[in-house]
Amino acid sequence: MNDRRRAYALATLTAAYFVMGTTTMAAIGALPSIADGLHVSRGAVANLIAVFALTYAVSAPLIQMVLGALERRALLLGGLSLATLGALLAAAAPSYGALFAARVLTALGAAAIGPVASALGAGLVERHQQGRALAAVFMGMTLSSVLSMPASAWVALNIGWRPLFVVVAGLNVGVIVAVLVFVRVREAGQRMAPRDLVGLLRQPAIASGVSVVFLQMAGLFVSYTLIVPLLRERFGLSGGEASSALLVFGVASIVGNGVARWVATRWSAERLRWAC
């Protein structure tokens, strides 16, 4: 694979992560609009975010255990297709129960996207370049945290939460087309045995690293889930002002990531750990 094709493939996998993040966070930005539209409480809509996160957490390793030996490109396309279907069903959901089921289906699709996109990204480059390739792919998730939350809040408020999920489905379709065109890797993955996962988690270094990521993501979603109604109802921000506040938060996270990367090239991992 030449450098141009590799760059296009990496950009496509970054887009897959971006769409996965957008699919995840759309319900958060649209939370007040969904609650008003379906005549349910804010807490009930927050459960949509909780069930999405739980479904993702449980199904991501299970998918690798059951379907991990399939061709990775096909598994990625399958995940994107499920996410597309889930978004369309969410847009057409006639009731809270139907929307709940649609979000579970969407989470199953997202659980196939993230790990497979990472594996494909790492497989596109030589071993010594894999860290940089993974950082490029993960940037899609960072960008989604910057753009998706404020954009979804604005679209849900000004156009409606149902059109928002149609837009999300359209983004997934766009990435499906990009994967078909630019990601030509046809290698099969490797099925993960349950004992392998348990063995990894028994290693103190890996277990502590997983715990850090778990606590970080838990804190993010706990803070984010009800932040839109909090900004609007507690602090009196308009819909546009709440979207702007979320955009500022996202831009600050990108600046922080950039500073962290700059520092990481000059400090050792041990020094960084104590500084944090």
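Going along each chain's sequence as written, the residues are numbered from 1 onward. Local features in a predicted model are, by the rule used here, given only for residues with pLDDT of at least 70; side-chain atom pairs are given and counted only at 80 or more, and totals for whole chains, interfaces and linings are based on all residues. The side-chain quantities take in all heavy atoms of the structure and omit both hydrogens and water.

A. Geometry of the environment of Leu89. Its location among the elements puts Leu89 in helix H4 (residues 72–91). Remark: the alpha-carbon pair of Leu89 and Ala102, spanning 13 residues in sequence, is separated by 5.7 Å. Contacts are residue-level and defined by heavy atoms, with any inter-residue pair within 4.5 Å sufficient. Residues within four places of Leu89 in sequence aside, it is in contact with Ala102 and Leu105. Helix and strand definitions follow DSSP, with helices as H or I runs of at least four residues and strands as E runs of at least two, each counted in order from the N terminus.

B. Looking closely at the environment of Ala178. Following the sequence through the fold, Ala178 ends up in helix H7 (residues 161–182). Through-space distance from the C-alpha of Ala178 to that of Ala11 is 9.4 Å; in sequence the pair is 167 residues apart. Ignoring sequence-local partners within four residues, the contact set of Ala178 consists of Thr12 and Val183.

C. Layout of a nonpolar patch on the surface. Patch construction takes residues with relative accessible area above 30% that form no salt bridge. Like charges are linked within 9 Å, and nonpolar side chains (Val, Leu, Ile, Met, Phe, Trp, Tyr) are linked within 5 Å. To be clear on the numbers: accessible area is Shrake-Rupley with a 1.4 Å probe, and residue cover counts the displayed protein chains and nothing else. By salt bridge we mean one thing: a side-chain nitrogen of Lys or Arg within 4 Å of a carboxyl oxygen of Asp or Glu. On the surface, Leu143, Leu147, Leu247, Val251, Ile254, Val255 and Val259 cluster together to form a nonpolar patch covering roughly 530 Å² of accessible area. Elements represented by at least two residues in the nonpolar patch include exactly helix H6 (130–158) and helix H11 (239–264). For the nonpolar patch, the element with the highest residue contribution is H11, accounting for 5 residues. Structurally, the position occupied by Leu247 is in helix H11.

D. Structural context of the side chain of Thr84. Checked against the element boundaries, Thr84 lands in helix H4. Owing to a relative accessible area of 9%, Thr84 belongs among the buried residues under this scheme. In this view, Thr84 contacts Ala169, Asn172, Val173 and Ile176; residues no more than four positions away in its chain are not counted. Burial classes: relative accessible area under 20% of the type maximum marks a residue as buried, over 50% as exposed, and values in between as partly exposed (1.4 Å probe, protein chains only).

E. View of unusual backbone geometry. Despite not being glycine, His39 shows a phi value in the positive range, around 60°. Secondary-structure assignment places His39 in the loop between helix H2 (31–38) and helix H3 (42–67). Overall, the relative accessible area of 73% leaves His39 in the exposed class.

F. Representation of the packing of aromatic side chains in the model. When the centres of two rings from Phe, Tyr and Trp lie within 6.5 Å, Trp using its six-membered ring, the rings pair. Their planes under 30 degrees apart give stacked, over 60 give edge-to-face, and anything left gives tilted. For the structure on display, the rule yields 3 aromatic pairs. A centroid spacing of 5.3 Å and a plane angle of 50° characterise the contact between Tyr8 and Phe182, whose relative ring orientation is tilted. You can see Tyr8 sitting in helix H1 (residues 3–29) and its partner Phe182 sitting in helix H7, a full 174 residues away along the chain.

G. Representation of the layout of surface pockets within the structure. Approximately 240 Å³ is the volume attributed to the second largest pocket. Think of a 1 Å grid over just the protein atoms. A cavity is a set of points where a 1.4 Å probe fits yet cannot get out, a pocket is an open set with protein on both sides within 12 Å along at least five of seven lines, and lining residues have an atom within 4 Å of a point. What lines the second largest pocket is a set of 10 residues, among which Gln64, Arg72, Pro115, Ala119 and Gln190 lie closest to the centre. Of all elements in the fold, only H4 and helix H5 (96–123) reach the threshold of two or more residues within the lining of the second largest pocket. The dominant element in the lining of the second largest pocket, judged by the number of residues it contributes, is H5, at 3 residues. Grid points are joined across faces, edges and corners, and a volume is the space filled by probe spheres set on the points.

H. Quick look at the packing of H4 against H7. At a minimum axis separation of 8 Å, H4 and H7 run at an interaxial angle of 165°. Between H4 and H7, the angle falls in the class roughly antiparallel. For the element pair H4 and H7, the recorded crossing hand is left-handed. Taking contact as the criterion, the partners of Arg73, Leu76, Leu77, Leu80, Ser81, Ala83, Thr84, Ala87, Leu88, Ala90 and Ala91 in H4 are, on H7, Trp161, Arg162, Phe165, Val166, Val168, Ala169, Asn172, Val173, Val175, Ile176, Val179 and Leu180. Any residue outside Ala, Val, Leu, Ile, Met, Phe, Trp, Tyr, Cys, Pro, Asp, Glu, Lys and Arg is labelled polar, Gly included; the first ten of those are nonpolar and the last four are charged. Considering only residue class, the contact of H4 with H7 consists of 18 nonpolar, 3 polar and 2 charged. Every axis in this analysis is a line fitted to C-alpha atoms, fitted for helices over the stretch in contact. Angles between the N-to-C directions lie between 0 and 180 degrees. Geometric relationships in this document are graded by angle, where less than 35 degrees denotes roughly parallel, more than 145 denotes roughly antiparallel, 65 to 115 denotes roughly perpendicular, and other angles denote oblique. Handedness of each helix crossing follows the sense of rotation of the near helix against the far helix: counterclockwise by less than a right angle gives left-handed, clockwise gives right-handed.

I. Expanded view of the pattern of salt bridges. Overall, the coordinates contain 1 salt bridge when judged by the stated rule. The closest approach of N and O atoms between Arg42 and Asp36, which form a salt bridge, is 3.1 Å. Among the residues examined, Arg42 registers a relative accessible area of 24% and is labelled partly exposed. Taking the relative accessible area as the measure of exposure, Asp36 reaches 48% and is therefore partly exposed.

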